[in-house]
Structure formats: C-alpha cells, structure tokens
Amino acid sequence: MASPLTFDPSIIEIFMALCSGATLLIVSPAIKLMPKRLTKVLFSHHNVSVMQATPTLIKSLGSNILKSVVLSTNSSLRVLALGGEAFPSLHVLKNWCAEGNKTQIFNLYGITEVSCWATCYKIPEETLHYASGYEAQVPLGFPLLGTILDVVNDSGQVIQEGEGQVFIGGKERVCFLNDEITVFPGIMRATGDWVMVKDGQMYYLGRKDNQIKRHGKRVNLESIQQVAESLKQVEACVLTKCDQEKLILFVVPRGSPEQQNKSSTNFCRGVLSDLGKLVPSHAIPDDVVQIRTISFTAHGKIDQTSLIQTYQEMKKAKNLNSVCRLGRKEIWEGIHRLWKVVLDLPEDMTDPPDDCMFLYSGGDSLKALRLVEEIETLVGQKILGLTEVILNSSFLDIYNYISNKMPFEVENKEKFDDKMNRRTKPKIMKYKSANFYSEQISQWKLTAINCCITTISRGSRITKLHINLNSADRLGVQAANSNEKEKKELNCSKTPEKMNVYASINEEKMSVQNECLEMFENHIVNFSHSKEKFILDDPAAYCRTVSFKIRWKSDTAKCVDASPLLVISGNNGSDVTVYIGSHSHRMQAIDALSGEIKWERILGDRIESSACLSRCGNFIVVGCYDGSIHVLRSIDGETYWTFCTQNSVKSSPVVDPDLGLVFVGSHDQHVYALDILDKTCIWKLHCRGGAVFSTPCLNEFPRLLYVATLGGSLVTVNPETGTPIWKLSCGKPLFSSPQCTSQCVYVGCVDGNLLCFRHNGDQLWQFETGGPIFSSPCICNFSATNRKIIFGSYDSFVYCLHEDGNLAWKFKTSKQVYAVPFVYSSCDFNDRTLIAVISTDGSLWILAAATGELITSYSLPGEVFSSPVLWRNTLIVGCRNNFVYCLEMSTAEQKKDSFG
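Residues numbered from 1 in each chain as written. Predicted model: local features only at pLDDT ≥ 70, side-chain atom pairs only at ≥ 80, totals over all residues. Heavy atoms only, no water.

Details of the overall build of the protein
Counting its regular elements, the protein contains 21 helices and 48 strands. A total of 900 residues make up the protein; the buried ones form 55% of that total. Long-range pairs, those at least 24 residues apart, make up 55% of the contacts in the protein between residues at least 6 apart in sequence. As presented, the protein carries roughly 40200 Å² of accessible surface, and 51% of it is formed by carbon and sulfur atoms. (Helix = DSSP H or I, 4+ residues; strand = E, 2+ residues; numbered from the N terminus. Buried < 20%, exposed > 50% of the residue type's maximum accessible area, 1.4 Å probe, protein only. Contact = heavy atoms within 4.5 Å. Areas by Shrake-Rupley, 256 points an atom, 1.4 Å probe, with all protein chains shown as cover.)

Focus on the packing of helix 12 (residues 328–342) against helix 15 (residues 395–404)
Packing of helix 12 against helix 15 brings their axes to within 11 Å, and their N-to-C directions diverge by 135 degrees. By the criterion of interaxial angle, the relationship of helix 12 to helix 15 is oblique. Handedness of the crossing formed by helix 12 with helix 15: right-handed. On helix 15, the residues that touch R328, I331, W332, I335, H336 and W339 of helix 12 are F395, L396, I398, Y399, I402 and S403. Residue composition of the contact of helix 12 with helix 15, by class: nine nonpolar, two polar and one charged. (Axes fitted to C-alpha atoms, helices over the stretch in contact; angles between N-to-C directions. Parallel < 35°, antiparallel > 145°, perpendicular 65-115°, else oblique. Left-handed = near helix turned anticlockwise from the far one by under 90°. Nonpolar A, V, L, I, M, F, W, Y, C, P; charged D, E, K, R; others polar.)

Looking at helix 12
Its 15 residues give helix 12 an end-to-end C-alpha distance of 21 Å, which sits within 8% of 21 Å, the value for a rise of 1.5 Å per residue. Extensive coverage of helix 12 is indicated by the burial of eleven of its 15 residues. One or two residues past the end of helix 12 sits D344, with phi positive at roughly 60 degrees. (Expected span 1.5 Å × (residues − 1).)

Comments concerning the confidence of the model for the protein
Where the model shows low pLDDT, its predicted coordinates should not be examined in detail. Per-residue confidence for the protein gives a mean pLDDT of 79, with 79% of residues at or over 70. A low-confidence stretch, residues 409–414 stays under pLDDT 50, and its non-local contacts, those more than four residues away or across chains, total three contacts. Counting interchain partners and residues more than four positions distant, the pLDDT-below-50 stretch residues 469–542 has 140 contacts. (pLDDT = per-residue confidence, 0-100.)

A short note on the sheet that holds strand 30 (residues 697–699)
For sheets, the rule is that strands pair by backbone hydrogen bonds, running either parallel or antiparallel. Taken together, the four strands give an open sheet; going across it, the order is 30-31-32-33, and neighbouring strands pair in antiparallel fashion. Since the sheet does not close on itself, it has two edges, and those belong to strand 30 and strand 33 (724–729), each with one partner. Going from strand to strand, the sheet's axes swing by 20 degrees on average, the running direction of each strand aside. In terms of strand pairing, strand 32 (residues 713–717) meets strand 33 through five bridges, oriented antiparallel. Each residue of the ladder has a partner; that of V715, found in strand 33, is K727. (Pairing = 2+ DSSP bridges.)

Examining the pattern of salt bridges
A complete count under the given rule lists 16 salt bridges for this structure. The salt bridge partner of D658 is R703, with a shortest N-O separation of 3.6 Å. Linking D658 in the loop between strand 26 (654–655) and strand 27 (662–665) with R703 in the loop between strand 30 and strand 31 (704–708), this pair joins segments that are 45 residues apart in sequence. Note on R703: relative accessible area 24%, which makes it partly exposed. In this structure, E720 engages R703 in a salt bridge whose closest nitrogen and oxygen atoms are separated by 2.4 Å. In this pair, E720 is assigned in the loop between strand 32 and strand 33 and R703 in the loop between strand 30 and strand 31, connecting sequence segments 17 residues apart. Residues joined in a network through salt bridges with shared partners are D656, D658, R703 and E720. (Salt bridge = Lys/Arg side-chain N within 4 Å of Asp/Glu carboxyl O.)

Digging into a nonpolar patch on the surface
A surface patch of nonpolar side chains, amounting to about 320 Å² of accessible area, comprises I11, F15 and L18. When you line up the elements, I11 lands in helix 1 (residues 9–20). Take I11: its relative accessible area is 46%, and that puts it in the partly exposed class. (Patch = residues over 30% accessible without salt bridge, like charges linked within 9 Å, V, L, I, M, F, W, Y side chains within 5 Å.)

Observations concerning the sheet that holds strand 12 (residues 234–242)
Reading across the sheet, the three strands line up as 12-13-14 and stay open at both edges, with mixed pairing between neighbours. Of all the strands in the sheet, just strand 12 and strand 14 (287–290) have a single pairing partner and so form its edges. On average, adjacent strands in this sheet sit at an angle of 25 degrees to one another, irrespective of strand direction. Sheet topology note: the strand 13 (residues 246–253)/strand 14 ladder contains four bridges and is parallel. Bridge pairing in strand 14 links I248 to D287. With respect to the sheet, helix 10 (residues 264–276) is in contact with strand 12, strand 13 and strand 14, its orientation differing from that of strand 14 by roughly 135 degrees.

Observations regarding unusual backbone geometry
Only a minority of non-glycine residues have a phi that is not negative, and only a minority of peptide bonds are not trans. Residue P702 is reached from F701 by a cis peptide bond, and omega for that bond is -5 degrees. Tracing the sequence through the fold places P702 in the loop between strand 30 and strand 31. Unlike most non-glycine residues, S460 shows phi in positive territory, near 65 degrees. Mapped onto the secondary structure, S460 falls in the loop between strand 15 (451–457) and strand 16 (461–467). The backbone of K679 sits at a positive phi, close to 55 degrees, despite the residue not being glycine.

Considerations on the environment of E85
Of note, E85 is situated in the loop between strand 2 (79–82) and helix 6 (90–96). Residue classification places E85 among the partly exposed positions, given a relative accessible area of 22%. On a C-alpha basis, the gap between E85 and A53 in space is 9.7 Å, while along the polypeptide they are 32 residues apart.

Concerning helix 15
Most of helix 15 is tucked away, with nine of its ten residues classed as buried. Within helix 15, burial applies to F395, L396, D397, I398, Y399, N400, Y401, I402 and S403.

Some details on the environment of I846
Turning to its location among the elements, I846 is positioned in strand 44 (residues 843–848). Residue class for I846 comes out buried when judged on its relative accessible area of 1%. Taking the C-alpha atoms as reference, I846 lies 9.9 Å from P821; in sequence the two are 25 residues apart. Non-local contacts of I846, meaning those with residues more than four positions away in its chain, are made with F548, Y824, L834, I835, A836, E853, L854, I855 and T856.

Some words on the side chain of T577
Here T577 shows up in strand 19 (residues 575–581). There is a polar contact of 2.6 Å between the side chain of T577 and the side chain of K598. Residue contacts for T577: discarding those within four places in its chain leaves L565, L566, V567, A589, I590, A592 and K598. (Polar contact = N/O pair within 3.5 Å; in protein donor to acceptor, adjacent residues only side chain to side chain.)

Things to note about the packing of helix 3 (residues 35–45) against helix 5 (residues 63–70)
Look at helix 3 against helix 5: their axes get within 11 Å of each other, and the N-to-C directions meet at 15 degrees. When the axis of helix 3 is compared with that of helix 5, the two are roughly parallel. At the point where helix 3 passes helix 5, the crossing takes the right-handed sense. In this structure, helix 3 uses K36, T39 and F43 to contact helix 5, whose residues at the interface are I65, V69 and V70. In terms of residue class, the contact of helix 3 with helix 5 is built from four nonpolar, one polar and one charged.

Here's the deal with the packing of aromatic side chains
According to the stated counting rule, one finds 22 aromatic pairs in the structure shown. Ring geometry for W332 and F395: centres 5.5 Å apart, planes at 85 degrees, overall edge-to-face. Taken together, the residues span a long stretch of sequence, with W332 in helix 12 and F395 in helix 15 at a distance of 63 residues. F395 matches W332 in its accessibility class, with the two residues each being buried. (Phe/Tyr/Trp six-rings, centres within 6.5 Å; stacked < 30°, edge-to-face > 60°.)

Following this line, the structure appears as structure tokens:
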C-alpha cells in the first residue's frame, strides 16, 4: 500500500488485495523517506509482487537500487503500475530495468472526479529493448470498462487527431463534486490534461497550467524535464516554475554522494550546456540546482513547494556570502569568467578585450539575461539596468557600470582604481548623466518646436501637440538643465507661472484644431463630428472596391503583439515615424513612408506595451517585461530615463496633454504618474485589486483617470494627486482598457459583458456577448449627439452598440477578436465612416460603421493580437510572424454589371 488513505488510489490497493486474497503490506510514512530501508522492507523482508506508485516515489529509490533490486533479473515484482504523474520516458525506463527482468510495467491514468484508474497501457517488453532516445513516449492506453474518454480542441470539438484536452466520463462511474446534488449519467469532466492524439493513441503532453508561454514561445515543462532526464549525468530531475515564469531545474546527479559533492557549479553548468544542445533557446531553464534527493508529498507526488523553498534559501545564502566580500579585482576577474561561461567559450581562452561587445561575441538577449543573473549572484545584489548595458556597451563599460553600483571595502582599492582608469579610453559613454543632456540638448532636433505634431495610436486615439518655441524651451529644454533653481521652479507643478504656460497651451490646442486638418487634407482619419455621408454620382451604376498590397514590412525577429504609434510632423506630414516593440526586446523606429528603420534599441525584456510620445515631443515612453518604463529619445532611441517598477509592465502609457505627466500601470498592482522631464514619480497608487494590464484612460471633463485591473476592479483616480475617488468590482478580470465619453465610461470584462458606468460610479447598463472581451471599446462619433461603441469579442463577433446599450449591428469574423477597432473616414468613399478590425487569425475586415456592411477583407500571414492604426491610405499593424506590416489601400470605381 504505497498510497495514504487521503489519496484515492489507496481504495484500489486495499480492495484489489482483499478481492484477490492477497496480503496487503502497509508501510509507515517514515520508511518511505528512506530509500534503502524501504527497498529492504519491500523486497528482502517481504517479497512484494504487485506495486502501484507514483513515478516520483520510484525515482527516489535511485537507478542503482532499481536496477539491482526492484527491477532486477530475479525480482519478486510481477507488476509495477505507475500513475498520478507524467509517465517516465522509455529511455529512463530502460535505465531502470536490468537485462532479463520480467516485471510487467503499466501506465495508469485517471482523475479523482471520475475514476483514479480510467486508462491502462502495458509497456511491451520488446519496446524497452529498442528505446534509445528521450523522445520515445508512452501512450496513455485505452479506456477501462465503463469509462468514456473524449479529446476536445480549443474550439470545443471532439477530435481524432491533434492536440486537445482530455474529458473523462461514464454512465455508471460518476462522482459528486463540491456542492453538487444531482449528477446526470454520462457527464464529462474536464481533466486539465493535454494530450496528442496520433494513430489512435493518446500521448500525454502535460497539465494545462504547465503549458506556459516563455519569450513568446509555448513551453511544455514535462517535455523539457524528460529531455533533461535523458542526460547521462542526471539521475532524476524536476522542472518547476519559480518567481512567476522563472524556470528552475532541480537535478539529482548520478553517482555516489562523494562524487555529487564535487564541483556543484561545474555540474550545473554542464547540464545547462548539454540541455542547450537538445532544446530550443527559449526552453533552457534559468537555473540548475543540484540536490541529493527529490522530496515528495504524503501522496507520493513531487513536493513543488519544498523545492522552491530550497531554491530561495540557496539564493539567499549565496547573496549573504557575496555581500561586501568582493573587491574590484575579484569582480573584474569574475565578469571575465562569467562572460566565457555564458557565451560557452573555453576556460583557457584569452580574456575578452576591453572594447569587446556582447552581441558581437555570440551573445543574444536570452544569454544577456543569464549573464545578468550570474553577475548579480556573484556580487550579491540586484543591479538595475544591467541588461541594457550588456546589450549596448563594451566589456569595460559593463565593468564600470557594475563597479559604480558596488560599496567596496578592499585594501588595494586605490591601486586597482588607478590601474583601471589608465585602461579606460577617453570616449563618450552610452549611459550619460543629466549634465551631458544639458550640454547636448541644443543639438537635438526638437521637432516639437514651432510645429504641430500629431500622434495616432490604437483605438482611433489622436493627440495633437502644438507647442511654440517658448513653451518648448520651458517644458523641454530646461527640464534637462542641471541648474537646481530652474529645476525646482519646473518641478512645482502648481506655481502660477507654470499654470499660465499650461493655460496658454490649452488655448493654442483649441485655436489650432482646424489648422491641423489642413496638414491632413487627404488624411483618412476623421477628426470632425460631421454626419456620415455616402453620395456617389450614380450609385446605381457604380460601386467602389478597396484592395490592399504590402508597401513594406519590418522584421523584428519575434512576435509583435504591441500596437504601432504613429508620430506625424514636418510640413504637411512629411515626416511620419512608426514606433513599435517586439517580443525580441527590440524597439524600432520606422519611416512610415519608406519602411526604413531609423533606429533600433534592444531593451531588457519582451515588449507588449504600445508606446506613447511625451508632450514635448522629444521622448518615446514604453513599458517592458523587465519591470521598467523606458524613456527613449525619439530622434535616436538613446535612453533618457528608466523608471523601475516591481513587476512586468504590459500596460501602455498615456500622456496627460495638460500637465505632461505619463500614466502607466504595472503588474505590481500599481499605477504610476511620472514626470518625464524631471525624471520623478509624482505619485503611485496601489490598486489592491490585481495587476494593471490595460491602458489607463484620462477623461478631460470631469477630469478623472480610470484604471482597470486583472482583479476585476475599475478604479477612478484624481490624476493630480493619485487619490482614489471610487472603486467598483466587476467580478472578473479586466484586460480591456476603459474608454470615456463626456457622460460615461465603458470597459469590457472577461465574463463577456461590456459595462457602462456614469462618472459618479453608477452602472447604467451591461451588454452580454458570447465570449470574453479582451478588445477595448472604441467610440465612433457620427455627430455630437450620435455616438456608437464598437468592440470585439472572443465569440468572433464585432459589436456596435448605441449609447443606451442596445445593439446597432454585429459582424461575424473568422476568429476571435482581440484587437481594438480603428474608426476612420475615407475620402475615397465620400467621407463615409469605416471601421478596420483584425481577428486573431490575421484576417483584416473593413466595415461600414453605420450598418456593419463588409466593404473588403484581407489576410495577413500570421496570427495578430496587435491593433491596427491607419493614416492616409496606409494601415500599419504588428503580426505574430515577427513582422510589422504597412499595407497600402487603393480604391477603384467599377460598374456594377462588371461583377455580374
């Protein structure tokens, strides 16, 4: 009896023994924790012939004991049934069995909710002899009597081939769950387990919660673990998640305890190196930890909590041992050594030259992340911004950056400092102080001065910046000046002098509203609120058709989920730049007319946040998975400021056009108000309702900031002070960004409802769709009194609602809709208001805003989660095939009879 009474397989062990007249051996939990003692009890004192256990319990015995005793040639064990966890690969199983062993080995699968034994597969004896690779997997087998199994794909269809989730049921074998009173015969229970159906057999892929996305790619933890188990130096291992998506591989080495204690560091690096040859780079664990044995729970399963606690204690101990013990010389030598280790260079290779660049030496962004972690372990502290330095600076620059962050206490400090100073070449560093910007600011091309800048972003958001020379000088140039008196004057946001500047800008914004339209004479985006018109010379005889062709595409090396930001300046919109980030950590500035990359920066981690432009027009602000909000110079991409939060930043920042503050949320559950020019955080608010994924929404009147959280809260904030005004719970996570009109605020919820509230917090209505809503609502203004709310849903429909919440129309697309619709008016269609929306399969749909009528469609060559942005006759969007696309739209007029 390997299972405790609280684990359902114990029922089988008890009654199978009683029904067959066998003796049931009950072993105390303490004995199970001692592999050698347990082996003697089972096979020396009692000749156990049938054993049911988890793979973890069997692995804890070790391959030597398994081969020499448990699965030896003369073993008393007739049947070994393994269940409760992923079955070992045939390669591992072969290493357990001695030549000539006759034990029958079975793979058991089931769930407590229906039957702990649902399927059974006997491993053919000849299969073990031919198992040679880690990829050799074992099927789950076929359903036992009275059990029904279905495999259902993402679309809810039962499949005979491909990947899907297992559902188990039976007409007689049912179980009451939680508070159920009635269970209908034949009910099918979801298992959460994913399988591959191939040639009529089911192969286990892993738990649904073990199918994670890492660096933009899907990662299966069980499959990586099986590969690691196939390594010759690995006895047993466990791959687990720690600190969100950090992957830690716990390894029990082969050999005696004395051998295991030798050079743990070299062993772990060897495992990483060998594993890197068998799995893709995105699947390589972040760290390898050598352990003596795998701990398991009372039910015989892997004790994940204990392993994670062990890892955290080891890291803490390493950090304590490192603090204040290293001098500059040790760090200099340590970085040399780690450089070679991460780049997989020979140890006896000469040290890299001072001007050596990491990327040019064979490094990439993933290796840079590993080098950061190794260096932080070496010095015993976190070093903010180190990833960016490694990716963009020389070896000597990296050392200088690290040494400046360290509190050294060594005897020969001055001597080593002098030595390093003599090595340092007089050159401009990539990471400059504020004084540098003060000196160089006059050389920047301040495109905001004396001109109108317009930004266009997802959801038809159009912002116009019209700043004269005096305003730009005060709010752009002097903010970088190191004169403390002037900085203090600028920092005081409520001084009369500064408020007068803001007032003058507001007046300018109103006066130049119509002037900006002249610059966009042929612009397809509708700035006005005129009524929809669709007048043709002879509508009965002619119709207009829209076609697309690719003007350019830009390779970002990985998926593009962020949405583009268009910044338009110059005479008549002659200078148009697209700013967009990618999963490859790249931030690109692309010429919208030619597709030429103006500059490219590699940030510290994946970018899903869509960028925004600072009010002065000189900086691009974007969030990053490294927990930072990066402020880059719009002219060349150089870093001006990096603000660090405590978790990933997937939220897209938004600029206050009056005060110039930037509002952005973080997965650390805070929303921040940042003064970009003064490099300060004005306030931060803990939302106390989950991470902030979506973009905050600033409403002009009444002046309120809306923040939606993944905890299901809609929080209303005073944008000047950060004080919460009211908070509502929507029940389910809010991925959708709030959108406002002068009367209401709208937000979508994953329960499938679009919610509408007054600005005082009263709910007006809710509209239910057939699937979760991730798409943010978009407001379509036909006139000052005629507005529509347009959004997409995971039920594959695009919805258009009246302001009272009643349905105007809906349009069925080919796949779920994640992107935000873009509303625009087309001069080619006599200023008719149209909508561009993209479904996740890459299908682009152009619809009539008034009726939902399909105008045209187009297919992109990949999945799309980015939202489209339109300008003139071009549409720009990111795609999951690694490219940013610029599509050129052309309109043709043809006689209707030509279409038959």
